[in-house]
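Chain residues, written in single-letter form:
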Amino acid sequence: MATPIVSRTRPSPPAGRRERHPAIRTRRQLPASPWLFAAPGLLVTAVFVLYPFVSTVINAFTDRRTLMPGRFVGLANFRELLHDDMFWIGLRNSALYVLGVVPALVILPLLLAMLVRKTIPGITFFRSAFYTPVVASVVVVGLIWVWLLDERGLVNALLEAVGAGKVGFLSDQWLLLLSAMAVTVWRGLGYYMIIYMAALANVPRELHEAAAVDGAGPVRRFFTVTVPALRSTMVLVAALAAVSSFKVFSEVYLMAGPAGGPAGEDTTLVMLVQRTGTGLTGRVGYASAISLVVFVVTVLLMLLVLRADRKEDA
């Protein structure tokens, strides 16, 4: 008697339902999964940004020193700032630094970006050369400029060779500050040039062609087409340059020395924070108060730049 053949085929799934392979298993995403991925970054931010900021705000209202716990003194540190001549010298120099550096870093990188966008032989080399100071160490850059501008440096040697006298770039109060500004502008040209190059790539070519048809020359097209199209980018560059120049430290410190130039007249606010709050007898509370003032001023600078941009939009 023949054995009946039993079909082992699985029944077809109901209509509208897709059959899944047995090896495929779907897992439900845990609600905390995104936080697990963000946890390392949040931890680094909390340890190296949030905690120092909160600690600085708390210390600004105490008389804490490097090796001594502080006690709450209220606004005593801020009242002392009003009568501290070095604080006003640092505030003056930091404000002058903003006024001298920001316009140059808004205009010069734009002109440089328009120049290096041209497709001419060897332009890639110049793009790399202009960006090299950005990636170079600020200490190395500062020392190079110190050697160039020293009384026995290359610049003064060339001036003597042509019959001119030596110039005290690093010994005169104002020349030293201007020299530090020049170094800051030189280092920032390549960085902001890249930002402008990205923005220039988004400017429609049709606008330039239409302006050229109307008889506008290169200069007129620059002011009527390029500048209005890049206004938001120029505001961004101005805000970044204002904040970084107000908090300048390395360039002035390397060129003026720890003392801040002749009689400390070239000291900036950040240099004053470093000088006051470090060492075995450092006044951490007073330095924290100065740091809090620097933070408030930088926020106000950004708000002023954004407010000026909104007024132009209106």
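Residues numbered from 1 in each chain as written. Predicted model: local features only at pLDDT ≥ 70, side-chain atom pairs only at ≥ 80, totals over all residues. Heavy atoms only, no water.

## A short note on the overall build of the protein
If you tally the helices and strands in the protein, you get 13 helices and zero strands. Along the protein, from the amino end to the carboxyl end, the secondary structure elements read α-α-α-α-α-α-α-α-α-α-α-α-α. A burial count over the protein gives 34% of its 314 residues as buried. Across the protein, contacts joining residues at least 24 apart in sequence account for 67% of those joining residues at least 6 apart. Here the protein has roughly 20,400 Å² of accessible surface; of this, 67% comes from carbon and sulfur atoms. (Helix = DSSP H or I, 4+ residues; strand = E, 2+ residues; numbered from the N terminus. Buried < 20%, exposed > 50% of the residue type's maximum accessible area, 1.4 Å probe, protein only. Contact = heavy atoms within 4.5 Å. Areas by Shrake-Rupley, 256 points an atom, 1.4 Å probe, with all protein chains shown as cover.)

## A few points about the pattern of salt bridges
Inspection of every chain in the model, using the stated rule, returns five salt bridges. Among the ionic pairs, Asp-63 bridges to Arg-71, the shortest N-O distance being 3.3 Å. The class of Asp-63 is partly exposed, set by a relative accessible area of 32%. The partner of Glu-251 in a salt bridge is Arg-187, with the nearest N and O atoms 3.7 Å apart. With Glu-251 in helix H11 (residues 250–256) and Arg-187 in helix H7 (residues 173–200), this pair connects stretches of sequence that are 64 residues apart. We note that Glu-251, like Arg-187, is buried. (Salt bridge = Lys/Arg side-chain N within 4 Å of Asp/Glu carboxyl O.)

## Brief notes about the packing of aromatic side chains
Within this structure, the stated rule accounts for nine aromatic pairs. With a centroid separation of 5.0 Å and 20° between ring planes, the pair formed by Phe-249 and Tyr-253 is classed as stacked. With relative accessibility at 25%, the residue Tyr-253 sits in the partly exposed group. The rings of Phe-125, Phe-126 and Phe-130 are connected pair by pair, giving a single aromatic cluster. (Phe/Tyr/Trp six-rings, centres within 6.5 Å; stacked < 30°, edge-to-face > 60°.)

## Observations regarding the nonpolar core
Counting residues in hydrophobic clusters, the biggest one holds 62 residues, and the most contacted among them are Leu-81, Tyr-97, Tyr-196 and Leu-230. Those elements giving two or more residues to this core turn out to be helix H2 (76–82), helix H3 (85–116), helix H5 (138–149), H7, helix H10 (231–246), H11, helix H12 (269–277) and helix H13 (284–313). When residues of this core are assigned to their parent elements, the largest contribution, 13 residues, is made by H7. Beyond its immediate chain neighbours, meaning those up to four positions away, Leu-230 contacts Leu-110, Tyr-196, Ala-199, Leu-200 and Val-203. (Core = buried A, V, L, I, M, F, W, Y, C linked by side-chain atoms within 4.5 Å.)

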